[in-house]
Amino acid sequence: MSPKNLLISGGAGFIGSHLVRHMVHRYPHYTIWNLDKLTYAGNLENLRDVEPMPNYRFVKGDILDRDSLQALFDQQPFDGIIHLAAESHVDRSILGPLAFVETNVTGTVNLLEAARRQWDGHFADKRFYHISTDEVYGSLGDTGFFTEQTPYDPRSPYSASKAASDHFVSAWHHTFGLPVVISNCSNNYGPFQFPEKLIPLMIHHILTDQPLPVYGDGQNTRDWLWVVEHAAAIDLIYHQGRTGETYNIGGNNEWKNIDLVRLLCEVMDGLLGRSPGTSARLIHFVRDRPGHDRRYAIDATKLEKELGWKPCMSMKEGLEQTARWYLDNSEWLEHVTSGAYRTYYDQQYRGR
Ligand code: NAD
Ligand code: TYD
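The text that follows walks through the structure, step by step, so that each part is easy to find. In this convention, every chain numbers its residues from 1, walking through the sequence in written order. Chain letters start at A and ligand numbers start at 1, both assigned in the order the entries are written. Local features in this predicted model are restricted to residues whose pLDDT is 70 or higher, and side-chain atom pairs enter the listing and the counts only when it is 80 or higher, whereas totals over whole chains, interfaces and linings include all residues. Excluded from the side-chain calculation are hydrogens and water; included are all heavy atoms of the structure.

## With respect to the site of ligand 1
Rules: Each residue is tested against the molecule or strand, and it is near if at least one of its non-hydrogen atoms lies within 4 Å. Throughout this description, a polar contact denotes any pair of N or O atoms lying within 3.5 Å of each other; where both atoms belong to protein, one of them has to be capable of donating a hydrogen while the other can accept it, and for residues adjacent in sequence the pair is counted only when both atoms sit in side chains. The accessible surface values rely on the Shrake-Rupley method and a 1.4 Å probe; as for residues, cover is taken only from the protein chains in view. Secondary structure counts use DSSP, requiring at least four H or I residues in a row for a helix and at least two E residues in a row for a strand, with both numbered from the N terminus. All residues other than Ala, Val, Leu, Ile, Met, Phe, Trp, Tyr, Cys, Pro, Asp, Glu, Lys and Arg, Gly among them, are scored as polar; the first ten of these are nonpolar and the last four charged.
In the neighbourhood of ligand 1, 29 residues make up the surrounding shell, with Ile15, Asp36, Ser88, Tyr158 and Lys162 lying closest. The contact in question runs from an oxygen atom of ligand 1 to an N or O atom on the backbone of Thr39, over 3.0 Å. Between ligand 1 and Leu84 there is a distance of 2.9 Å, counted from an oxygen atom to a backbone nitrogen or oxygen. Coverage of ligand 1 by the protein amounts to 96% of the 830 Å² it exposes when considered alone. Of all the secondary structure elements, the ones that give two or more residues to the shell around ligand 1 are α1 (14-26), β5 (127-133), α5 (157-176) and β7 (187-189). For the shell around ligand 1, the leading source of residues is β5, giving three residues. Here the residues of the shell around ligand 1 are counted per class, giving 12 nonpolar, 12 polar and five charged.

## A look at the sheet that holds β7
Under the convention used in this document: Any two strands with at least two DSSP-identified bridges between them are counted as paired. Only the stretch in contact is used when fitting a helix axis, every axis being a line fitted to C-alpha atoms; angles between N-to-C directions are given from 0 to 180 degrees. Only heavy atoms enter the contact rule, under which two residues are in contact if any of them lie within 4.5 Å.
Overall, mixed pairing links the three strands, which are arranged β7-β9-β11 in an open sheet. The open sheet has two edge strands with one neighbour each: β7 and β11 (254-256). Neighbour-to-neighbour, the strand axes of this sheet turn through a mean angle of 50 degrees, independent of strand direction. Note: β7 against strand β9 (residues 221-226), three bridges, orientation parallel. Across the sheet, residue Asn187 finds its bridge partner in β9, namely Trp224. Contacting β7 and β9, helix α7 (residues 227-240) crosses the sheet at an angle of about 70 degrees to β9.

## A look at the sheet that holds strand β10 (residues 246-249)
Read across the open sheet, the seven strands follow the order β3-β2-β1-β4-β5-β6-β10; overall the sheet is parallel. Bordering the open sheet on either side are β3 (56-60) and β10, each of which pairs with just one other strand. Averaged over all neighbouring strand pairs, the angle between strand axes comes to 20 degrees, with direction disregarded. Two elements, strand β6 (residues 180-185) and β10, share four bridges in a ladder whose sense is parallel. Note that in β10 the partner of Asn184 across the bridge is Asn248.

## Considering the site of ligand 2
Around ligand 2, 19 residues are found, and the nearest of them are Glu135, Pro213, Arg289, His292 and Tyr349. Backbone polar atom of Leu198 to an oxygen atom of ligand 2: 2.9 Å apart, as the coordinates give it. Its free accessible area being 510 Å², ligand 2 has 97% of it covered by the protein chains. Only α3 (90-95), α6 (198-207) and β8 (212-215) provide two or more residues apiece to the shell around ligand 2. The element contributing the most residues to the shell around ligand 2 is β8, with three residues. Tallied by class, the residues present in the shell around ligand 2 amount to eight nonpolar, five polar and six charged.

## Some details on the packing of aromatic side chains
Note the cut-off: Ring pairs shown here join Phe, Tyr and Trp side chains whose ring centres sit within 6.5 Å, with only the six-membered ring taken for Trp; geometry is labelled stacked below 30 degrees between planes, edge-to-face above 60, and tilted in between. Accessibility here uses a 1.4 Å probe with only protein chains present; expressed as a share of the type maximum, an area under 20% marks a residue as buried, one over 50% as exposed, and anything in between as partly exposed.
Applying the stated criterion to the full structure yields 21 aromatic pairs. Judged by centre distance (6.3 Å) and plane angle (45 degrees), the rings of Phe146 and Tyr296 are tilted. Taken together, the residues span a long stretch of sequence, with Phe146 in the loop between β5 and α5 and Tyr296 in the loop between β12 (283-286) and α9 (301-307) at a distance of 150 residues. Like Phe146, the residue Tyr296 is buried in the burial classification. The interplanar angle of 75 degrees and the centroid separation of 6.0 Å between the aromatic rings of Tyr326 and Trp332 together place this pair among those described as edge-to-face. Relative accessible area serves as the criterion here: at 0%, Tyr326 is assigned to the buried category. Residue Trp332 is classed as buried on the basis of its relative accessible area of 6%. Each member of the aromatic cluster is reached from another via a ring pair, and the members are Tyr40, Phe194, Tyr215, Tyr341, Tyr345 and Tyr349.

## Quick notes on the side chain of Thr337
Tracing the backbone through its elements, the reader meets Thr337 in the loop between α11 (330-336) and α12 (341-349). Among the polar contacts made by the side chain of Thr337, one reaches the main-chain carbonyl oxygen of Glu334 at a distance of 3.3 Å. Ignoring anything within four residues of it in the chain, the contact list for Thr337 reads Pro195 and His204.

## Overview of the packing of helix α8 (residues 257-272) against helix α10 (residues 315-328)
To keep things clear, this is the line we draw: Roughly parallel here means an angle under 35 degrees, roughly antiparallel means over 145, roughly perpendicular means 65 to 115, and every remaining angle is called oblique. Left-handed describes a crossing whose near helix is turned anticlockwise from the far helix by less than a right angle; the clockwise case is right-handed.
Remark: α8 packs on α10, axes separated minimally by 10 Å, with the N-to-C direction vectors making an angle of 55 degrees. By the angle class used here, α8 and α10 are oblique. Crossing of α8 against α10: the hand is right-handed. Judged by residue contacts, Leu260, Leu263, Leu264, Val267, Met268, Leu271 and Leu272 of α8 engage Met315, Lys316, Leu319, Glu320, Ala323, Arg324 and Leu327 from α10. Of the residues assigned to the contact of α8 with α10, the class counts are 11 nonpolar, no polar and three charged.

## Quick notes on α12
Short version of the rule: This arc is built from the directions going out from the helix axis to the C-beta atoms.
Among the residues of α12, Tyr341, Tyr344, Tyr345, Gln348 and Tyr349 are the ones counted as buried. Projection of α12 onto a plane perpendicular to its axis shows the buried side chains occupying an angular sector of 100 degrees, all on one side. Its buried side turned inward, α12 meets α3, α6, β8 and α11. One or two positions beyond α12, positive phi appears at Gly351, with a value near 70 degrees.

See the structure below:
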C-alpha cells in the first residue's frame, strides 16, 4: 500500500480523537495530520497515547483562518481529508448560534476551497469526507427511520449548520468535481466525550452528587452508537464508500432518555458499590430544550449491504466501559469541567 497523507480536522475532539487513534494504529504507512483549534471541546490530553507515534502530526489551526489554512496546504500535499471540526452541542447552538454558522458552514467551505485549490482538478485517489449528523433529517414520530433519501428538515441552529455544510460539500462535488463522501451518524457515546452531552454529564453529576437534569418528559428518543464503532465505520467509508454518496450510520440502539438515564444510574451504583436506587434518586425533570427533537432513528441498511458494516456493542456493556473510563480518569474530568465550563453550565441550567 502506498504512503498517504491524511488530514483529520477536529482530531482533538471526542470522535476525532478516537478516529485519529484508530487510523494511526491501523495504517502505520499513512501520516495522520490532526488539524485542530483546541476550543473548549478539543483537548490534547485525549491523544497522549498517540503523540509518540511516528506517523502522527498535530497542527494547531483554525478552519476559519483562511491564510493559515492556505499556508498549511501550500506546504503539505494531502491525499485525503476527513472533516470533523465543528461546534457540536445543540444546547450551545441555542445560546449562541453564530459560532455554529461560522465554524460549521464557513469553516467547511474554507476547507473545501483549500482542497479544491491543492488538488486543482487532479482528483484520482483523492477524497474529501464530511462527518455529519442524523439531526439534519429533523424529528421522527413514534415510528419510521431516517434513510439516505429522507429530506433534510433541520430544526436546531446546530442541525441547520450541519445541513448547510452537507449541502456545500455536495455542491463542491457537483460543481467542481471534488471527490466527496458524507456520512450522517446518530448519537455517539464513550470515553473522552465532553461532559456537556447527556451521558458524560449524568456520570459527572452522579460522581459529584448533583441533580440529573432530564429535559421535558424524558420520552425523547435517541439512537446510540459506541464511538469506537463509529471510527471503524468512518475508516470503511473513507476507503470503500462510493464517491458522491451519503451513508447513514446508526447503532440500531434506540433509547428513551429517561430509560437510558435509569440504566446508567444502575451501572453507576454497581461500579460505585452503592445500594440500588441511590443514583436514580438524583433524577430531576427540568424545563424542556426549545425545539427539542422528539426522536431520531437510523436505517443503516445501505452501509451494511454495501460495505458489510454492523454495530455490535450492547448499551449495558458500552455504558459500563464508559462509566469505568470516567471513574479512572477523574483528573481529565476535573480539568475539562474547570474554567469556562462553569459559565456555560450556569447559563444553561440556572433556574431550570
Ligand atoms: P467535539 O465538540 O467533541 O469536537 C470538535 C473538535 O473540533 C474539537 O477538537 C474542537 O477543538 C475542533 N474545532 C472546533 N472549531 C474549530 C475550528 N474553527 N478550527 C479547527 N478545529 C475546530 O465534537 P464531536 O462530538 O467529536 O463531533 C465531531 C464531528 O462529528 C462534528 O462534525 C459533529 O457534528 C459530528 N457528529 C457528532 C456526533 C456526536 O454524537 N457527537 C454524531 C454525529 C456527527
Ligand atoms: P445531547 O447529548 O445533547 O445530544 P443531542 O441533543 O445532539 O441528541 O442530548 C441527548 C438527549 O438528552 C437529548 O434528547 C437531550 C437530552 N438531554 C437531557 O435530557 N438533559 C441534559 O442535561 C442533556 C445535556 C441532554
